[in-house]
Amino acid sequence: MRLVSHPVLCNYYVTYRCNATCSFCDIWEKPSPYVTLENAEENFKALKKLGVKVIDFTGGEPLLHQQLDQLLALAKKYGFITTVTTNTLLYPKQAEKLKGKIDMLHFSLDSPVREEHDASRGVKCFDSLKESIKIAKGLGERPDILFTVFEHNIDKIQQVYEEISQPDNLVLILNPVFEYSTVKTGEKLSENSLKKLLSWAKKKNVYLNEAFVELRKDGGNHIEEPVCLSGSTTIVISPENKLVLPCYHLGLEEIPLNGNLYDLYKSEKIQKLIAMEGRYKECEGCTVNCYMQPSFAVETNKYFWKALSSTLKYNYIKGTWKQLF
Ligand code: SF4
Ligand code: SF4
């Protein structure tokens, strides 16, 4: 049963540029402008009218946007829950002006070992992560550690938990890796690794969406009976101020917004494209977390029930659950 039929999330790509070159991501290879405040404000008004609750200011590296603080302040003015994920390289410099404007601040980490993390990111950013934690805590922020779990780093979770997240009482988000059309991330998580991952779900200050694990066990999204509701739950806006459908990762259609997001989204053309969510041939086996998370929150199927306890736990720890209703 569908519980919510309007979009709940906006993935707002403020730029595709990045100051890292992670091996499991190709976004940094794209040339890209930066979104403007003017376009953002027009779009925020439409997002509000469409029922969106959360805006994820993403990229690329969102902190490369010189006016990110102003974008966030504007989003807060319109009552959105805001989220930002950063590789932390620019956080120490910008922390002060970002303070209080990000409800869910995520610091990315791939290994508790400096050399391994820096190698994975293609730039030296382990020390910057450690410094960023200190600065954020000093400012009264509570960043989460976002750990992307691969076959090669799953055994490092314990060390991350003991040495990085727990000493500062931070939430450790465990995100199983996913592949998409142009990016291959190496070996898929084995059955044994999925089992290991699940053993973390109930630990203090750990967020693991158990539905992500279940989906992998089931072979991902199936186009005959899709569980992906990317288009109907999530609005994707590109740095060029275009609506991207059916999701960023497939990106089959890019339609200029021209200050008309609300009418465009409601148009027959867009609704027809949305109806194709999860049904393209490339959607077979898809496990892209960014779209599965909202998909599992709005329809009562087995993934909804698997995701529920972790969602409640996370929002309770972060204090954001009240804003969701
Ligand atoms: S920091 Fe993020 S956006 Fe940049 S290359 Fe790495 S994964 Fe991609
Ligand atoms: S199944 Fe995957 S690739 Fe297809 S629309 Fe959904 S998120 Fe995009």
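All values reported here derive from a predicted model rather than from experimental measurement.

A. The overall build of the protein, seen in detail. Broken down by element type, the protein carries 13 helices and ten strands. Relative to a compact globule of 325 residues, whose C-alpha radius of gyration would be 20 Å, the protein shows 19 Å and is just as compact. Its C-alpha atoms give the protein principal-axis dimensions of about 50 × 45 × 40 Å. For the protein, contacts bridging at least 24 residues in sequence account for 73% of all contacts bridging at least 6. Summed over its atoms, the accessible surface of the protein is roughly 14400 Å², and 53% of this surface lies on carbon and sulfur atoms. In the protein, 41 positive and 40 negative side-chain charges are present, and the distance between their average locations comes to 5 Å.

B. Focus on the site of ligand 1. Ligand 1 sits among Cys18, Ala20, Cys22, Phe24, Cys25, Ile27, Trp28, Gly60, Asn87 and Arg121. Its residues assigned to classes, the shell around ligand 1 comprises seven nonpolar, two polar and one charged.

C. View of the packing of helix 8 (residues 210-217) against helix 12 (residues 289-298). Between helix 8 and helix 12, the shortest axis-to-axis distance is 10 Å and the interhelical angle comes to 110°. Taken together, the axis directions place helix 8 and helix 12 in an arrangement best described as roughly perpendicular. The residues of helix 12 that touch helix 8, namely those facing Ala211, Phe212, Leu215 and Arg216, are Asn289, Met292, Gln293 and Phe296. Per-class residue counts for the contact of helix 8 with helix 12 are five nonpolar, two polar and one charged.

D. Local environment of the packing of helix 1 (residues 37-50) against helix 2 (residues 68-77). The N-to-C vectors of helix 1 and helix 2 enclose an angle of 20°; their axes lie 10 Å apart at closest approach. What the angle tells us is that helix 1 and helix 2 run roughly parallel. Crossing of helix 1 against helix 2: the hand is right-handed. Together, Leu37, Ala40, Glu41 and Phe44 of helix 1 and Gln70, Leu71, Leu74, Ala75 and Lys77 of helix 2 make up the contact between the two elements. Class assignment of the residues belonging to the contact of helix 1 with helix 2 gives a composition of six nonpolar, one polar and two charged.

E. Fine view of the site of ligand 2. Near ligand 2, the surroundings consist of Asn221, Cys228, Ser230, Pro246, Cys247, Leu250, Gly278, Cys283, Cys286 and Tyr291. Considered class by class, the residues forming the shell around ligand 2 number seven nonpolar, three polar and no charged.

Parameters at a glance
- Residues numbered from 1 in each chain as written.
- Chains lettered and ligands numbered in written order.
- Predicted model: local features only at pLDDT ≥ 70, side-chain atom pairs only at ≥ 80, totals over all residues.
- Heavy atoms only, no water.
- Helix = DSSP H or I, 4+ residues; strand = E, 2+ residues; numbered from the N terminus.
- Rg over C-alpha atoms; globule rule 2.2 N^0.38 Å.
- Contact = heavy atoms within 4.5 Å.
- Areas by Shrake-Rupley, 256 points an atom, 1.4 Å probe, with all protein chains shown as cover.
- Lys, Arg positive; Asp, Glu negative; His and termini not counted.
- Charge placed at Lys NZ, Arg CZ, Asp CG, Glu CD.
- Near = heavy atom within 4 Å.
- Nonpolar A, V, L, I, M, F, W, Y, C, P; charged D, E, K, R; others polar.
- Axes fitted to C-alpha atoms, helices over the stretch in contact; angles between N-to-C directions.
- Parallel < 35°, antiparallel > 145°, perpendicular 65-115°, else oblique.
- Left-handed = near helix turned anticlockwise from the far one by under 90°.

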